[in-house]
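Report on the structure
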Amino acid sequence: MNQSYLPGEIAEIHPDELTEGYWESCARRVLSIQQCAKCQTFRHLPTPTCPKCQSFDYQYTPVSGQGTVYSYTIPHHPVHPALRERGAYNVIVVKLDDAPIKMVSNLVGVADEDIRIDMPVEVTWDEPRPGVVIPRFKPRAV
Amino acid sequence: MSIKDKTAIVGVGLTDYYKRGQSGAKTHLDLCLEAILKACDDAGVHPHEIDGFSSYMDEMNASIVAPALGCPEVRFSNLVWGGGGGGSCAAVGAAAAAIEAGYCDTVAVYHGIRQPTGLRFGEVFARPPGGAGTVSTASRDFIAPYGLMAPGQMFALMVRRHMHQYGTTTDHLAAVAMTQREHARRNPKALRRDPMTLDDYYNSRMISDPFRLFDYCNENDGAGAVIVVSAERAKDMKQKPAYIMAVAQGGAGRWGQSITQQTMPDDIYPTAGHGQLARDLYKMAGVGPGDIDVAELYDHFTGMVLLQLEDYGFCGKGESGPMAAEGGLKWDSGKIPTNTHGGNLSEVYLHATTHIVEGVRQIRGTSTSQVKDAELALVTGGPSPVPSSSMILRG
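What counts and how
Residues numbered from 1 in each chain as written. Chains lettered and ligands numbered in written order. Predicted model: local features only at pLDDT ≥ 70, side-chain atom pairs only at ≥ 80, totals over all residues. Core = buried A, V, L, I, M, F, W, Y, C linked by C-beta atoms within 7 Å. Buried ≥ 20, exposed ≤ 12 C-beta atoms within 10 Å, placed from the backbone. Contact = placed C-beta atoms within 7 Å. Helix = DSSP H or I, 4+ residues; strand = E, 2+ residues; numbered from the N terminus. Nonpolar A, V, L, I, M, F, W, Y, C, P; charged D, E, K, R; others polar. Pairing = 2+ DSSP bridges. Axes fitted to C-alpha atoms, helices over the stretch in contact; angles between N-to-C directions.

1. Quick notes on the nonpolar core
Ranked by size, the top nonpolar core spans 161 residues in total, and within it B:Ile9, B:Val92, B:Val226, B:Ile227, B:Val228, B:Ile244 and B:Leu393 carry the most contacts. When neighbours within four sequence positions are excluded, B:Val228 is seen to be in contact with B:Thr7, B:Ile9, B:Val92, B:Ala95, B:Ala96, B:Ile99, B:Val107 and B:Val109.

2. Structural notes on the interface of chain A and chain B
The partner chain B presents 29 residues to the 34 residues of chain A that form the contact. At the level of elements, β4 (66–75), β5 (91–96) and β6 (102–105) of chain A are the ones that each hand at least two residues to the side of chain A that touches chain B. The biggest single contributor to the side of chain A that touches chain B is β4(A), with six residues. Of the residues belonging to the side of chain A that touches chain B, the class tally is 22 nonpolar, ten polar and two charged. Pairing geometry for β4(A) and strand β6 (residues 206–209) of chain B, over two bridges, is antiparallel. Within the sheet, the bridge partner assigned to A:Pro75 lies in β6(B) and is B:Ser208.

3. Some words on the sheet that holds strand β2 (residues 42–43) of chain A
Two modes of strand pairing occur in sheets, parallel and antiparallel, and in both the strands are linked by backbone hydrogen bonds. Residues and elements named next belong to chain A. The sheet built from three strands is open, its strands ordered β2-β1-β3 with antiparallel pairing. Both outer strands of the open sheet, β2 and β3 (58–62), are each paired with one neighbouring strand and no more. Pairing of strand β1 (residues 32–36) with β3, which is carried by five bridges, proceeds in the antiparallel orientation. Each bridged residue has a counterpart across the sheet, and for Gln35 the counterpart in β3 is Gln59. Sheet contacts for helix α1 (residues 20–27): β1 and β3; angle to β3, the most-contacted strand, approximately 25°.

In structure tokens form, the structure reads like this:
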């Protein structure tokens, strides 16, 4: 039984030279964010060069996976055929605590109507299709 | 050196408006050619005089359009990057700059949409990557598994944040939708002309909370075009010139593809990303928001009209919702009459071509919701991945 938050049909991933480090870390269930090897600036979406110092050298650095909800929407209309049977779901923007970046995800373990901006959240791992492990988030007690 | 007041829009052309997929035998090329020919007719210019072509996010490039029109020479061509209708005014600005630089004399700026052969914009990230306006496969991996696949969902996130920071409400969004519907009801060509009450708004189905159906633009096929020539030449032509007073294009560098990935810095997250455009536009024009008589603001979604009102200084940060609810956008009595044609929400969605044309109509004095003595019209392209753009037309 597939207990993934959203169907696996939409969770095909296509790692390339730039993003494979991110996905390799996800496969180990560790959230890592791209970080400049020279000036240590974090960045997301992955880019070849550091937006601060323009260095091409980077690594994917593990972070705590803790953050807060920066914004959210509740899509009701399924824009992909695989979502037609799913019903409404949430999409959140998470602002991470220990890397000043925003990323898109879903919030699980809470009713959509109870989602609030600034809610503390932490990463939780989901395998929506075999071999694809992606970070979603769940409420975090503080 | 500046392009200020050096050129003018002297002709406008729009095809009929079609619901998505209902343009029948008319292809994308047919629609573009029809719009250009109508603009030529409006301007009193023979199509063979066109020696420059400028567009945005449209695969109908000059090598296809020019031979079809029989133009003897192509002396300038330009395509603006960016998403959706962002580059509309930038395409006009490129035409103005090319004429002022001496590359060419008569530029057709055009854009067409025929979604069945291209893509349905509302599902742009649900499709396999590679088409116009789509992101790369690897970057799509960061959003698609989470069900973030549609522009409306992305802008809903930004507007939700605006609501949180400033107290903007869905009543405020409704005010935008209802005001523009009233404008559309005065425009015989508008596709949505039924009255819209607050109940109608709230009864429209939820698409991506907080956006309901009536927060969304139409989905249409069609094309629009304008003819740009030098100001000197424009004086003696068929129509009253709409002088191109100022154009700005671009946006915050860190905006980039942020709308897709939602990675904008905090200071520009709950905005339309037009702050720098507004600064540069007013600087070139030598005017401020208080001088603008009418605003044709790209409205893919109600909330983005509000955020543009703030970016262009018609009100303070967070004040756009109350301004709309108090009637501030109405054509006859508002502080800044906005989207007097009904906009993408209620007239038709042709990626900002209609906003340019409506700006010209206001300058000519021929809008169906004519602002009295309109002298300066602000026109914007879509808040979208950079570059976006805007311009001021002068009578």
